[in-house]
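What the coordinates show
These are the residues of each chain, in order.
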Amino acid sequence: MLFLSPAKLLAPKSVDKTNETKKWIISENSNLCVNGSTNVNNFSCEILAYDQTDTLSVNKNKAGKEIGLSGCIKLKVQSFDCHNSIMTHDLQKTLKEKQFPVLRINFLSLSKLPDLTIRPESITGAVDIEIAGVRKRFEVNYQISADAQKNIRLNGSRDVNFSDFNLIPPRKLGGIIKTKDKLSVDFHLKMKSME
Amino acid sequence: MKKILISGFIAGCILFIVSYGGLFLAVKFFPGLFIEYNNPLFNSNGSRDLLFYLHAFIFSFALSWFWDRFKGLFKGVLILRGLEFGLVYSVIALLPVMWISFSALDITVVMVLSWFIYGLVQAIVAGLVFAKINP
C-alpha cells in the first residue's frame, strides 16, 4: 500500500531541484513489541509479522536541515500476541479492539539524513501514534543501519502511557492488581531502498 | 433485629480488614497466584470497585441473619461453634457455587480453590465474631 498521493507518484524524481526524495519499502518481516508491567507480572506483546508492504518517503530539502518522512504503518490490534491467551484478550480489550481495530504509526520527520552504513546510527524523529482513535505526537529514538544490499533496518523505541491515549490501564479486584500506566513500544522495520 | 445488625456490622468491619488486608499481603508475597486475574472476565475499569469493597458487609449481614436463625444448632465452646459455622456455610453455599463457576468459566483449579479457602476463612472469622457477640 502506498501512502503517496497519485500526483507525487507520477511526478519524475527530483523535479524540484531543491528537494531530494528517496523511497524505502517496508518488508513483511517487520515487527512491533509492547512491553508493560503490572504489580504481579511483566508482559510483552508482539506483532511478529507485519502483513503489509508500505512505503516510507524520505524528503530532504536543499538546506538539508529538515528531513521530511512520510508514510504510515497500520497494525491490527487483533494481531497482538502476549504469549498468554488471557493477557492477549485483556490487552485487546484495553485497546478497544472492537471499536478501533487498527493502530497507526505515521512517520513525520528525521533529525538528520542517515548515512545508511552497516554501523547503526542513532537519530531521532517525530511520529504520530494513533491508538483507540486518539492521535499523539512523539519523538522517537531510532537506530538505523543498512547492509551492502541496501536492506535498511530501522529500530525505533519510545515509552508511552495508556493515559496518553485516554485509555485506562486495567485494574482488577478493586485495584489490588494494577497495570502500570507506562508502556515501552519497540518496532523493528526492515526496508529496501528504492533509488 | 438490632443484634443481627450490630453483630453484622462488627463482623463486616473485621472481615473488611482481614479480607482485603489478606488479599493485599497475598498479592505482595505470592504475585504468581494472581497473574490469571489479568483476564477480561474480571472487571478492569474500576466501575465496580465500591461493590467489590462492600462485599465484606454484604457477606457479614447475610451470615449474621443466618447465625441468629440457626445458632442453637451450633454447640460447644466459642472456637468450635465458629469453626462449625464456617464449615457448614462452605459446604452448603460455597462448594456448589465454586463447582458451577469452575464448570462454566474459563478459570483455573488454583483460582477456584483459593476462592473456596478465602470464603471458608471469612465464614469462620464471622462465626467466631457471632459466637462472641450474639451467643
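Before reading on, note that the structure itself is shown above.
Residues numbered from 1 in each chain as written. Chains lettered and ligands numbered in written order. Predicted model: local features only at pLDDT ≥ 70, side-chain atom pairs only at ≥ 80, totals over all residues. Heavy atoms only, no water.

1. Considering the overall build of chain A
The cut-off we apply is this: Counting from the N terminus, the helices are the DSSP runs of H or I reaching at least four residues and the strands are the DSSP runs of E reaching at least two. Contacts are residue-level and defined by heavy atoms, with any inter-residue pair within 4.5 Å sufficient. Residue burial considers only the protein chains on display, and all accessible areas are found by Shrake-Rupley using a 1.4 Å probe.
If you tally the helices and strands in chain A, you get 2 helices and 12 strands. Reading chain A from its N end, one meets helices and strands in the order α-β-β-β-β-β-α-β-β-β-β-β-β-β. Long-range contacts, defined here as pairs at least 24 residues apart, represent 61% of the contacts in chain A between residues at least 6 apart. Total accessible area on chain A stands at roughly 10,000 Å², and carbon and sulfur atoms take up 51% of it.

2. Section: the packing of helix 2 (residues 49-70) of chain B against helix 4 (residues 109-133) of chain B
All names here are of chain B. Counted only if it meets this: Throughout, an axis means a line fitted to C-alpha atoms (over the contacting stretch in the case of helices), and angles, computed between N-to-C directions, take values from 0 to 180 degrees. Note on angle classes: values under 35 degrees are labelled roughly parallel, values over 145 roughly antiparallel, values of 65 to 115 roughly perpendicular, and the remainder oblique. A crossing counts as left-handed when the near helix is turned anticlockwise from the far one by less than a right angle, and as right-handed when that turn is clockwise. As a working rule, the residues Ala, Val, Leu, Ile, Met, Phe, Trp, Tyr, Cys and Pro are called nonpolar, Asp, Glu, Lys and Arg charged, and the rest polar, with Gly in that last group.
At a closest axis distance of 10 Å, the pairing of helix 2 and helix 4 adopts a crossing angle of 55°. Relative to helix 4, the element helix 2 lies oblique. In the packing of helix 2 onto helix 4, the handedness of the crossing is right-handed. Across the interface between the two elements, His-55, Phe-59, Ser-60, Leu-63, Ser-64 and Trp-67 from helix 2 touch Gly-119, Gln-122, Ala-123, Ala-126, Gly-127, Phe-130 and Ala-131 from helix 4. Considering only residue class, the contact of helix 2 with helix 4 consists of 7 nonpolar, 6 polar and no charged.

3. Concerning the nonpolar core
Applicable threshold: As used in this record, nonpolar core signifies buried Ala, Val, Leu, Ile, Met, Phe, Trp, Tyr and Cys residues forming a set joined through side-chain atoms within 4.5 Å. Only protein chains enter the accessibility calculation, which uses a 1.4 Å probe. A residue is then buried if its area is under 20% of the maximum for its type, exposed if over 50%, and partly exposed in between.
Core analysis: the biggest nonpolar cluster contains 46 residues, and A:Phe80, A:Ile105, A:Phe107, A:Tyr142 and A:Leu189 have the highest contact counts within it. Looking at this core, the element that brings in the most residues is strand 8 (residues 134-146) of chain A, giving 6 residues. If near-sequence neighbours (up to four positions away) are discounted, A:Phe80 is found in contact with A:Leu32, A:Val34, A:Cys45, A:Glu46, A:Ile47, A:Thr88, A:Leu91, A:Gln92, A:Leu95 and A:Leu103. Counting 31 residues, the second-largest nonpolar core is a separate cluster that includes A:Leu173, A:Ile177, B:Leu63 and B:Phe130.

4. Here's the deal with the state of the cysteines
All names here are of chain A. Condition: When two cysteine sulfur atoms are found within 2.5 Å, that pair is recorded as a disulfide.
Summed over the entire model, instances satisfying the criterion amount to 1 disulfide over all chains. One disulfide bridge connects Cys-45 with Cys-82, the sulfur atoms lying 2.0 Å from each other. As the torsion about the S-S bond is roughly 105°, the Cys-45-Cys-82 disulfide counts as right-handed. Taken together, the positions of Cys-45 in strand 3 (residues 42-47) and Cys-82 in the loop between strand 5 (67-76) and helix 2 (85-94) put the pair 37 residues apart, joining distant regions of the chain. We note that Cys-33 lacks a disulfide partner, and the nearest cysteine sulfur, in Cys-45, lies 7.8 Å from it.

5. Remarks on the packing of aromatic side chains
Residue and element names in this part refer to chain B. Just so we agree on the cut-off: Any Phe, Tyr or Trp ring, taking Trp's six-membered ring, that has another such ring centre within 6.5 Å forms a pair; planes under 30 degrees apart are called stacked, those over 60 apart edge-to-face, and the others tilted.
Under the defined criterion, the tally for this structure stands at 21 aromatic pairs over all chains. With centroids separated by 5.5 Å and ring planes inclined at 50°, the aromatic side chains of Tyr-20 and Phe-52 adopt a geometry described as tilted. Taken together, the residues span a long stretch of sequence, with Tyr-20 in helix 1 (residues 2-29) and Phe-52 in helix 2 at a distance of 32 residues. Note on Phe-52: relative accessible area 23%, which makes it partly exposed. When the centroid spacing of 5.2 Å and the interplanar angle of 85° are considered together, the rings of Phe-52 and Tyr-53 count as edge-to-face. Residue classification places Tyr-53 among the partly exposed residues on the basis of a relative accessible area of 25%.

6. What about helix 2 of chain A?
One turn of the α-helix equals 3.6 residues, which is why residues spaced by three or four share an orientation. Residues and elements named next belong to chain A. Rule in force here: Identification of polar contacts relies on pairs of N or O atoms within 3.5 Å, with a donor-acceptor requirement for protein atoms, meaning one able to donate a hydrogen and the other able to accept it, and with residues adjacent in sequence counted only if both atoms are side-chain atoms.
Counting buried positions along helix 2 yields 7 of 10 residues, so the element is predominantly enclosed. Inspection of helix 2 places Ile-86, Met-87, Thr-88, Asp-90, Leu-91, Gln-92 and Thr-94 among the buried residues, and these make up the whole buried set. Elements that come into contact with the buried residues of helix 2 comprise strand 3 and strand 10 (171-172). For helix 2, the N-terminal cap is Asn-84; the gap from its side-chain oxygen to the backbone nitrogen of Ile-86 is 2.9 Å. Lys-96, located one to two residues past helix 2, shows a positive phi value of around 55°.

7. Regarding the interface of chain B and chain A
Under the convention used in this document: Buried area, as used here, totals the accessible surface that two parts lose on assembly, with accessibility defined by a 1.4 Å probe and the loss added over both. By definition here, a salt bridge exists when the distance from a side-chain nitrogen of Lys or Arg to a carboxyl oxygen of Asp or Glu is within 4 Å.
Opposite the 19 residues of chain B that make contact, chain A presents 18 residues. Taken together, both faces of the contact between chain B and chain A bury some 1,800 Å²; the carbon and sulfur share is 63%. Three residues, B:Asn38, B:Pro40 and B:Ser44, lead the burial of chain B against chain A; their summed loss comes to 35% of the area buried on that side. Summed over the shared surface of chain B and chain A, the number is 1 salt bridge. A:Arg171 is paired through a salt bridge with B:Asp49; the nearest N and O atoms lie 2.1 Å apart. Across the chain B-chain A interface, the total number found is 6 residue pairs in polar contact (both at pLDDT 80 or more). Of all the elements in the fold, those that place two or more residues in the side of chain B that touches chain A are helix 1 and helix 2 of chain B. Looking at the side of chain B that touches chain A, its residues break down into 11 nonpolar, 6 polar and 2 charged.

Nothing here speaks to function; it is all geometry.
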